[in-house]
Amino acid sequence: MTTLLNQLPIGLSIGAVLLLIALGLTFTFGQMGVINMAHGEFIMAGAYTAYLLQDWAGSQAVLVALPVAFAVAGALGWVLERTAIRHFYGRPLDTLLLTWGVSLVLQQAARDIFGAPNVQVVAPSWLTGRVEVLGGALPYARLFIMALALACVAGVWLYLDRSRQGRRMRAVVQNRELAAVSGVATGRVDQLTFFIGSGLAGVAGVALTLIGPVGPSLGTYYIVDAFLVVVAGGLGQLRGAVIAAVALGMLNSFAEFWTDASLAKVIVFAVVIGFLQVRPQGLFVLRSRALT
Amino acid sequence: MRKPFFRPLAVAALLPAALLTACGGESGDGANGGSGGNSGNTIKVGVLHSLSGTMAISEVTVKNSEMLAIEEINAKGGVLGKKLEAVTEDGASDWPTFAQKAQKLIKKDKVATVFGGWTSASRKAMLPVFERNKALLWYPVQYEGLESSPYIFYTGATTNQQIVPGLDYLKEKGKKKIYLVGSDYVFPRTANKIIKAYAKANGMEVLGEEYTPLGHTEYSTLVNKIGEAKPDAVFNTLNGDSNVAFFKQLKSAGFDAAKLPVMSVSIAEEEVKGIGVQNIAGQPVAWNYYQTTAGEQNAAFVKAFQAKHKGAVTSDPMEAGYNAVHLWAAAVTKAGSTDVEAVKKAAAGLSLDLPEGKVTIDGPTQHVHKTARIGVIQPDGLIKEVWSSKEPIKPDPYLKSYPWATGLS
Amino acid sequence: MSDRLRGYALFASISLLLLVVAPLALPAFRLDELAKYLCFAIAALGIGLAWGQGGMLTLGQGVFFGLGGYAMAMYLKLHDAGGDLPDFMVWSGVEHLPALWKPFGNVGIALAAVVAVSVAIAVVLGVLVFRQRVRGAYFAILTQALAAAFVILLVGQQGLTGGTNGLTNFYDVFGRDPEAEGTQRTLYFVTAIVLGVLYLGARQLVKSRFGRLLVAVRDGEDRVRFLGYNPATVKTVTFAISAAMAGLAGALFVPVVGIISPSLLGVVPSLELVVAVAVGGRYALAGAVLGAVVMNYAKTSFSEQWAGGWLYLEGALFILVMTLAPKGAVGLYEQARDALARRRGVPAPAPTAPQEVAA
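Residues numbered from 1 in each chain as written. Chains lettered and ligands numbered in written order. Predicted model: local features only at pLDDT ≥ 70, side-chain atom pairs only at ≥ 80, totals over all residues.

1. Comments concerning the overall build of chain C
So the rule is basically this: Each helix is a run of DSSP H or I of at least 4 residues and each strand a run of E of at least 2, with the numbering of both proceeding from the N terminus. In this description the radius of gyration comes from C-alpha coordinates, and the expected globular size is given by 2.2 Å times residues to the power 0.38. With C-beta atoms placed from the backbone, a residue is labelled by how many other C-beta atoms lie within 10 Å of its own: buried for 20 or more, exposed for 12 or fewer, partly exposed between the two. Note on contacts: each residue gets a C-beta atom placed from the backbone, and two residues are in contact if those atoms are within 7 Å.
Secondary structure summary: chain C contains 15 helices and 2 strands in total. A compact globule built from 359 residues should have a C-alpha radius of gyration of about 21 Å, and chain C, at 21 Å, falls within 12% of that. By principal-axis analysis of the C-alpha atoms, chain C measures approximately 75 × 50 × 40 Å. Out of the 359 residues belonging to chain C, those deemed buried represent 57%. Taking all contacts inside chain C whose residues are at least 6 apart in sequence as the whole, residues at least 24 apart take part in 81%.

2. Description of the overall build of chain B
Counting secondary structure elements, chain B contains 13 helices and 16 strands. Taken over the C-alpha trace, chain B has a radius of gyration of 23 Å; the compact-globule value for 409 residues is 22 Å, and the two agree within 12%. Considering only C-alpha atoms, chain B reaches an extent of 75 × 65 × 45 Å along its principal axes. Across the 409 residues in chain B, those meeting the buried criterion constitute 60%. Sequence separation of 24 or more characterises 70% of the internal contacts of chain B that already satisfy a separation of 6 or more.

3. Some details on the environment of Ser388(B)
Residues and elements named next belong to chain B. By the element assignment, Ser 388 lies in strand 16 (residues 383-388). Residue class for Ser 388 comes out partly exposed when judged on the 16 C-beta atoms lying within 10 Å of it. Considering only alpha carbons, one finds Ser 388 and Tyr 169, 219 residues apart in sequence, at a separation of 9.2 Å. Beyond its immediate sequence surroundings of up to four residues, Ser 388 is in contact with Thr 371, Ala 372 and Arg 373.

4. Observations regarding the environment of Gly136(A)
Residues and elements named next belong to chain A. With respect to the helices and strands, Gly 136 occurs in strand 2 (residues 136-139). Overall, Gly 136 belongs to the buried group, with 22 C-beta atoms counted inside 10 Å. For the pair Gly 136 and Leu 235, spaced 99 residues apart in sequence, the C-alpha to C-alpha distance is 36 Å.

5. Quick word on the environment of Gln107(A)
Checked against the element boundaries, Gln107(A) lands in helix 4 (residues 92-114). Considering only alpha carbons, one finds Gln107(A) and Glu41(A), 66 residues apart in sequence, at a separation of 6.8 Å. Once you skip the residues sitting within four places of it in the chain, Gln107(A) turns out to touch Glu41(A), Pro216(A), Ser217(A) and Leu311(C).

6. Some remarks on the nonpolar core
The criterion, for reference: Among buried residues, those of type Ala, Val, Leu, Ile, Met, Phe, Trp, Tyr and Cys that are joined through C-beta atoms within 7 Å form a set called a nonpolar core.
One finds Ile42(C), Ala44(C) and Leu45(C) to be the most contacted residues of the largest nonpolar core, which totals 342 residues. Excluding its chain neighbours within four sequence positions, the residues that come into contact with Ala44(C) are Leu273(C), Ala276(C), Val277(C), Ala288(C), Val289(C), Gly291(C) and Ala292(C).

7. Concerning the packing of helix 9 (residues 218-233) of chain A against helix 11 (residues 261-278) of chain A
Residues and elements named next belong to chain A. What counts, and what does not: Here the axes come from fitting lines to C-alpha atoms, over the contacting stretch only for helices, and the angles between their N-to-C directions go from 0 to 180 degrees. An angle below 35 degrees is treated as roughly parallel, one above 145 as roughly antiparallel, one from 65 to 115 as roughly perpendicular, and anything else as oblique. Crossing handedness follows the turn of the near helix against the far one: under a right angle anticlockwise gives a left-handed crossing, and clockwise gives a right-handed one. Ten residues, namely Ala, Val, Leu, Ile, Met, Phe, Trp, Tyr, Cys and Pro, are considered nonpolar, four, namely Asp, Glu, Lys and Arg, are considered charged, and the remaining ones, Gly among them, are considered polar.
Running from N to C, helix 9 and helix 11 point in directions that differ by 20°, and their axes come no closer than 10 Å. Classified by the angle between their axes, helix 9 and helix 11 sit roughly parallel to one another. Helix 9 and helix 11 meet at a crossing whose hand is left-handed. Each of Leu 228, Val 231 and Ala 232 in helix 9 lies in contact with helix 11, whose residues at this interface are Val 272, Phe 275 and Leu 276. Broken down by class, the residue content of the contact of helix 9 with helix 11 amounts to 6 nonpolar, no polar and no charged.

8. Structural notes on the interface of chain A and chain C
Listed as interface residues are 37 residues of chain A and, on the opposing side, 40 residues of chain C. When contributions to the side of chain A that touches chain C are tallied by element, the ones reaching two or more residues are helix 4, helix 9 and helix 11 of chain A. Here the side of chain A that touches chain C is composed, by residue class, of 23 nonpolar, 9 polar and 5 charged.

9. Looking at helix 14 (residues 309-324) of chain C
Residues and elements named next belong to chain C. Threshold: In this analysis, the expected span of each helix is defined as 1.5 Å times one less than the number of residues it contains. Starting at the helix axis, one direction is taken to each C-beta atom, and the arc is that of these directions.
Between the first and last C-alpha of helix 14 there are 22 Å, a value that for 16 residues agrees with the 22 Å anticipated at 1.5 Å per step. Among the residues of helix 14, Trp 310, Leu 311, Glu 314, Gly 315, Phe 318, Ile 319, Val 321 and Met 322 are the ones counted as buried. Projection of helix 14 onto a plane perpendicular to its axis shows the buried side chains occupying an angular sector of 165°, all on one side.

10. Some thoughts on the sheet that holds strand 12 (residues 351-354) of chain B
Strand pairing within a sheet occurs via backbone hydrogen bonds; the two strands may be parallel or antiparallel. Residues and elements named next belong to chain B. Where we set the bar: Pairing between two strands requires that DSSP report at least two bridges joining them.
With antiparallel pairing, 3 strands are arranged side by side in an open sheet as 12-13-14. In the strand order of this sheet, the two ends are held by strand 12 and strand 14 (368-369), each with one partner. As paired strands, strand 12 and strand 13 (residues 357-361) are joined by 4 bridges and run antiparallel to one another. From the neighbouring strand, Leu 352 faces strand 13, where its bridge partner is Val 359. The sheet contacts of helix 12 (residues 316-335) involve strand 12 and strand 13, and relative to strand 12 the element is tilted by about 145°.

11. A short note on the pairing of strand 13 of chain B
Turn length for the strand 12 of chain B-strand 13 of chain B hairpin, with the two strands adjacent in sequence and antiparallel, is 2 residues. What sits between strand 13 of chain B and strand 14 of chain B in their antiparallel hairpin is a turn of 6 residues, with Gln366(B) showing a positive phi close to 60°.

12. Describing unusual backbone geometry
Most peptide bonds adopt trans geometry, and most residues besides glycine take a negative phi value. Positive phi values are uncommon outside glycine, yet Leu399(B) reaches one of about 50°. The topology assignment puts Leu399(B) in the segment after strand 16. One non-glycine residue, Asn169(C), lies in the positive phi region at around 65°. Checked against the element boundaries, Asn169(C) lands in the loop between strand 1 (167-168) and helix 8 (181-207). The class for Asn169(C) is buried, based on 23 C-beta atoms found within 10 Å.

13. Here we look at helix 5 (residues 107-131) of chain C
Residues and elements named next belong to chain C. Filter applied, for reference: One axis fitted to the seven residues ending at a residue, another fitted to the seven starting there: the angle between these axes is the bend at that residue.
In this model, helix 5 (25 residues) spans 35 Å end to end at C-alpha, consistent with the 36 Å of a helix rising 1.5 Å per residue. The largest bend in helix 5 amounts to roughly 40° and is located at Ala 113. Of all the residues in helix 5, the buried ones are Ala 110, Ala 113, Val 114, Val 115, Ser 118, Val 119, Ala 122, Leu 125, Gly 126, Val 129 and Phe 130. Contacts made by the buried residues of helix 5 are with helix 3 (61-81), helix 6 (136-156) and helix 11 (231-257). Positioned one or two residues after helix 5, Arg 133 has a phi angle of 60°, which is positive.

14. A short note on the confidence of the model for chain C
As a reminder of what qualifies: The predictor attaches a confidence to each residue, called pLDDT, with possible values from 0 through 100.
Model confidence for chain C is summarised by a mean pLDDT of 87, while 93% of its residues fall at 70 or above. In the predicted structure, residues 350-359 of chain C sits below a pLDDT of 50 and forms 23 contacts with residues beyond four places in sequence or in another chain.

15. Concerning the packing of helix 12 (residues 267-280) of chain C against helix 15 (residues 328-343) of chain C
Each packed pair of helices is defined by two parameters, the angle between the axes and the distance between the axes. Residues and elements named next belong to chain C. Contact pair helix 12 / helix 15: the axes reach a minimum separation of 3 Å and the direction vectors enclose 10°. As judged from the angle between their axes, helix 12 and helix 15 are roughly parallel. On helix 15, the residues that touch Ala 278, Val 279 and Gly 280 of helix 12 are Gly 328, Ala 329 and Val 330. Among the residues making up the contact of helix 12 with helix 15, the classes are represented as 4 nonpolar, 2 polar and no charged.

Rendered as structure tokens:
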């Protein structure tokens, strides 16, 4: 029974990981309709940023890397938006294929720059402990990831809901043409959106160095899960993403507890597919009168 | 106006033409290839590993050590007075590609033998190609046993040379309750079947058996299950990147080597770096060779390898690949020919001093006698031997000589 | 010469090239490789139909390829075993032939299952998904998740499916030795002919009323609905046809290459097929076929030269095609022709490039 209770915080922490990797996608996919398959590689870029920063930041690299990785991955995303994606608005399926090409190139580039084997990112000593919760151990690293996910969500919410830029962004999402004729520089909004969305992937990458491998294939392990969260949560819906991530994390945690890891994954897929039967647009739907 | 559907075919028409020109020259080459790769002044040998894709990380190192062995042989004048010429191919971490490239090496390049493969899946895919064409494959990686193809030589350990000694070690240390963790594919499932049979016969208890998909990175639930079961030791057959996530999450949940030993059979010197020494130091592993293995042969091998690849480590599969080339060359020399049947006959009982010590080919199974070694991962990332079987163990891929294993195969 | 005549002449000359010239000029193992590309081309043809004509970006064709392939492989395995258990079941510790396998001992049932199972699953999925008006990106991601789940399931059920190893080592393909050159030649011809027949069939379908409806659904689903048609039916039928093609491709792949394994069916191989179609030209069926053959040929020959480089090339090629020539190689040909015509002073034909519908 105590073990079963342990699955609660575990589910939350899996949810936090899912939320971190999917948050950036809700920006780029939700707000812009761009399906960014290279999102996983931006996560990878964040992880490698932490690796490189170890040279001068030493064991505190993970902390230092958070803002740096945001900037690095954000810059990569910005370049991608400027050079390619801006020609693709209104062709969401094409962006999927385009960004997949980008992800292949980035993966191979990582392999050539950093080598094919995984590299090591040492966690700061203050993150190596654990607390006892409900009779089980909850590592500080997990708590850190949960806190980071919360902070990112709060930041995104504040930005979207309270800032002028955020208001413009929402305006563009709801009606691009109307926003444009009302004087919103939609091109600039797009750049910023992509910068932030990709930057969030970088932050996720830094966090993932605490619990997983750091190598060229890192992005491929998370990308499908991230998309599932976005799809289940609903297009561009912050609260949808939060609820979907936590729900899927919990589902994963308990399904794996009662069955095994392989079956748990299949169950999660099945539940999402089934859920979309009931709510084809995800948890929360952006109301729009647009006709396809 | 009707859309001309067939018009685009004009483009399509160009392609087979290009294909034909590209391949046209090859049919010519093939004609004078001779038999058994033994033509002109060189002997062609195939080297078939994944140079791209997920397996490249491991297989490239084996390819490098095989190339080193080929160079060493050439530096001493080659085999039968002829230099070896390596034809390298990329299996691309894709099993059907392995089968097709094997076919190309045999039929087009007419190589005398092929060194290659890593995963069981790639070996299984290549097996029919070698058997039907009566060609030779040297497979250099420890594997799950239950196989003995007349056209494959296995220079890595079979189960009784790695998994059984690993269990013997745990038993010797008084570990009675074990937990099995593995990636979801053939090797871990077969290994765990053997472990369960062994445990039953030796008064050990298996508390749990868990598999995770290849590339899985979320281990908190599994760690929780292990924590609840409270085993004396874990037997780990996870593969690749999953090991990194598993050890990181196990360590951060408070399980280190002192609290919970984890015996691994797929973690060598190469993998320790990626996992992070601080996460895995002190944990035992089971292999037949370590970079630190004592002996002149090994010192020379490590030196030669590091001279070519700065900062590189040497590992068990690399050494087995290196051995394969030398064993084949010795068999060819003994047979006086590269003919497959003659080489097979000469190889039976052949003995060589190699980095891991004396290695003898067992004729009937075409596996090799190997010394089992348990090592412990050191803070510097290398592995130190703490236990060995002293003598090379006779390969027994079907575990016929172990009474507890009846009914497994 | 009219367009139509020219078209038939081209089709005939390609057939000649594939059926007469290639078998004479290529060494056996190259012919076998070409047969493999043609298998992929069959699956790509299905994608061309579903995506190019119908606008359904399916990223899970590997699932249907796999269903067809496994159906065929199960029959071959049982046939080889001749009443005993297939070899992999023995070492996976399975003692009795699982019920799922039993029907596949019969060649008729196995061959029917190649198409029927794929179609059945595609219909169920199609009915569920299209009726709910799940489309565009959602459909793409759903099919991708399906491919991911399918692979995990296949790998996990080792006693039933052979796990990661898949099914391989067939000794007898319909009474012949699969490694013999004669057999490989025959298999090549069978594959080429199946591809030709399916191409003609697909083309006929596209030219029919149904085909025009399909394109209409792609370009304006709601408008089609307002006209009184049910787009869900049109899409489901098309999706099922494309699934059947993938199933057939998988079934042919098994004897040609001698193996079917989960690594062929996952997210990446499914995406690679779509990439091939996009590079060849998604709006023309011939583009799909062309793309599949060229991309796979390029992959093989390139990886023989510079292993790591293929990913750069594939990625870069892909980015270029998507940005500069979204209609693929075939589209480039049309663009060039139109440009030439303009220079000659002939007005270019009205652009037929469809506008993709946003999700």
